[in-house]
Amino acid sequence: MTPIAEKRKIPLLDLKSLHRPIREEVIAEMTRVIDANAFIMGEDVKLLEKAIAAYCHVPFAVGCASGSDALLLALMAAGIGHGDKVLTTPFSFFATAGSIARIGAIPVFVDIDPATFNIDPQALAKVIERHPDAKAIMPVHLFGACADMDPIMAIARQYGCLVIEDGAQSIGAEYKGIAAQSIGEMGCISFFPSKNLGAFGDGGMVVTRDEALAKKLAALRVHGAPKKYFHDWVGINSRLDTLQAAILRVKLKHLDGETAGRQANADRYRALLGGAGLPITLPQAASYQTRHIYNQFVIRAPRRDGLKTFLQENGVGSEIYYPLSLHQQVCFAYLGYQEGDFPESEKAAAEVLALPVHSALAEQDIAYVCELIRAFYR
Ligand SMILES: *Cc1c(COP(=O)(O)O)cnc(C)c1O
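Residues numbered from 1 in each chain as written. Predicted model: local features only at pLDDT ≥ 70, side-chain atom pairs only at ≥ 80, totals over all residues. Heavy atoms only, no water.

Draft legend 1. Representation of the sheet that holds strand 9 (residues 204-208) in the model. Pairing within the open sheet is mixed, and its 7 strands lie in the order 1-9-8-5-4-2-3. In the strand order of this sheet, the two ends are held by strand 1 (60-64) and strand 3 (106-109), each with one partner. Within this sheet the neighbouring strands show an average axis-to-axis angle of 25 degrees, counted without direction. Across 3 bridges, the pairing between strand 5 (residues 162-166) and strand 8 (residues 186-190) is parallel. Looking at strand 8, one finds that Ile164 is bridged to Met186. Along the sheet, helix 6 (residues 121-130) contacts strand 2 (85-88), strand 3 and strand 4 (136-138); its crossing angle with strand 2, the most-contacted strand, is approximately 160 degrees. Set on the sheet, helix 7 (residues 149-159) makes contact with strand 4 and strand 5; between it and strand 5 the angle comes to about 150 degrees. (Pairing = 2+ DSSP bridges. Helix = DSSP H or I, 4+ residues; strand = E, 2+ residues; numbered from the N terminus. Axes fitted to C-alpha atoms, helices over the stretch in contact; angles between N-to-C directions. Contact = heavy atoms within 4.5 Å.)

Draft legend 2. View of the site of the ligand. If you check the shell around the ligand, you find 17 residues, and the closest are Gly67, Ser68, Gln169, Ser190 and Lys195. Contact between the ligand and Asp166: a nitrogen atom at 2.8 Å from a side-chain N or O atom of the residue. Burial of the ligand by the protein chains amounts to 93% of its free accessible area of 380 Å². The pocket occupied by the ligand, as judged from atoms lying within 2 Å of grid points, is the largest pocket. Secondary structure elements with two or more residues in the shell around the ligand: helix 4 (67-77) and helix 5 (95-102). Counting residues per element, the shell around the ligand draws most heavily on helix 4, at 3 residues. Across the shell around the ligand, the residue classes break down as 7 nonpolar, 8 polar and 2 charged. (Near = heavy atom within 4 Å. Polar contact = N/O pair within 3.5 Å; in protein donor to acceptor, adjacent residues only side chain to side chain. Areas by Shrake-Rupley, 256 points an atom, 1.4 Å probe, with all protein chains shown as cover. 1 Å grid on protein atoms, 1.4 Å probe; cavity = no way out; pocket = protein on both sides within 12 Å on 5 of 7 lines; lining within 4 Å. Sits in = over half its atoms within 2 Å of the grid points. Nonpolar A, V, L, I, M, F, W, Y, C, P; charged D, E, K, R; others polar.)

Draft legend 3. Fine view of the domain arrangement of the protein. Its domain assignment divides the protein into domain 1 (19-252) and domain 2 (255-377). Computed over C-alpha atoms, the centres of domain 1 and domain 2 are 24 Å apart. On the side of domain 2, 35 residues touch domain 1, which itself brings 43 residues to the contact. Interface area for domain 1 against domain 2, summed over the two sides, is near 3,300 Å², with a carbon-plus-sulfur share of 60%. When the area that domain 1 buries against domain 2 is broken down by residue, the three leading residues are Phe109, Phe143 and Asn196, summing to 21%. One can count 0 salt bridges joining domain 1 with domain 2. Inspection of the region where domain 1 meets domain 2 yields 24 residue pairs in polar contact (both at pLDDT 80 or more). Those elements that place two or more of their residues in the side of domain 1 that touches domain 2 are helix 5, strand 3, strand 6 (174-175) and helix 9 (242-252). Considered class by class, the residues forming the side of domain 1 that touches domain 2 number 26 nonpolar, 11 polar and 6 charged. (Domains from an automatic or database assignment. Buried area = accessible area lost by both parts, 1.4 Å probe. Salt bridge = Lys/Arg side-chain N within 4 Å of Asp/Glu carboxyl O.)

Draft legend 4. Main features of the pattern of salt bridges. Summed over all chains, the structure comprises 18 salt bridges. Arg23 serves as the salt-bridge partner of Glu24, at 3.6 Å between the closest nitrogen and oxygen. Of the charged contacts, one joins Lys347 and Glu351 as a salt bridge, the two residues approaching to 3.5 Å between their closest N and O atoms. Residue Lys347 and its partner Glu351 are located together in helix 12 (residues 343-351), separated by 4 residues, close to a single helical turn. Through salt bridges that share partners, Glu29, Arg32, Asp44 and Arg249 make up one connected network.

Draft legend 5. The arrangement of the layout of surface pockets in detail. By volume, the largest pocket amounts to about 360 Å³. Contributing to the lining of the largest pocket are 24 residues, with Phe93, Ser190, Phe192, Lys195 and Tyr322 lying nearest its centre. Elements supplying a minimum of two residues to the lining of the largest pocket: helix 4 and helix 5. Element by element, the count of residues in the lining of the largest pocket is highest for helix 4, at 3 residues. Tallied by class, the residues present in the lining of the largest pocket amount to 10 nonpolar, 11 polar and 3 charged. Looking at the lining of the largest pocket, you find at least three residues from each of domain 1 (19-252) and domain 2 (255-377). (Points joined across faces, edges and corners; volume = space filled by probe spheres on them.)

Right, dumping it as structure tokens:
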């Protein structure tokens, strides 16, 4: 392989660089919360809920302790429980199906569209014919690109299913001009540090247009008590910390800038890698209009593991999201799925590689990563 001229160090995500310009402002806000001594359900949580609701163009948002809990709370609020079927994708982070199984419901998997990595509406239409009693559909907007929501919503209406969007990776993404998370009955957001809007720890939120669901969600996160010590439901303890809310209020102001930076970097990759005769596949444009927020820039690569090692050896971080489909996870063996059941999901798991795309990257950083990729396949 051709040696690379000048070695650089490029982590997949560089939070230190991303936080540098807002460090002082965030510290001032943290100091304010510490001095106000309101750590649980403080004013900042309410203000952040308002701000995120406005950002997603919905009237209600309910903060909680993580994106995983957002999914769990949404399922609980929908009244989904033991033995209920929820259709979802096998190509996602574990929490998608984990939340369904955790409340005693049954994840029913549907293969993905290889172009978008998201649940395939045609496959969904077929699978739901065999499960007409399904209670909900949980599409994921993976990597920050929207699932094809129009046909998904049409199928949900036909079968009387609720739609709970796993928008953990997709804050700011839009489907035909409409905010992801705002299309189904509930949308779930994660503030895990590696998401586009990341806290300094865990955090999550559920957004909805339905006031009754919002009220139930707000109660479920405090052990099901709409009024303190009076419990209408058996809920959980899943509150968003005031400190995290204060930090997120600062970071929200910079979210669109962060997204624009990621989109520009995605364009740079396309310009440098597209048409270069490489055997890799770049993220494809969906057949519908969408605003991709590039929580991850994911290519398909032959000899993927070798490429990952080669990048690592040359200072570049990359990651495999996700190396094993959910239907093949040990903990889901009881569901009875087998290898080969979801060929597109399994193929993706063998080929995908996420490259650095965050906004603190310099143009030369992207050029360097592309030079390495070209060298690897030379
Ligand atoms: C991150 C993520 C979650 C879970 O969010 P946490 O805040 O880490 O609990 C759920 N679904 C998807 C697709 C995710 O990427």
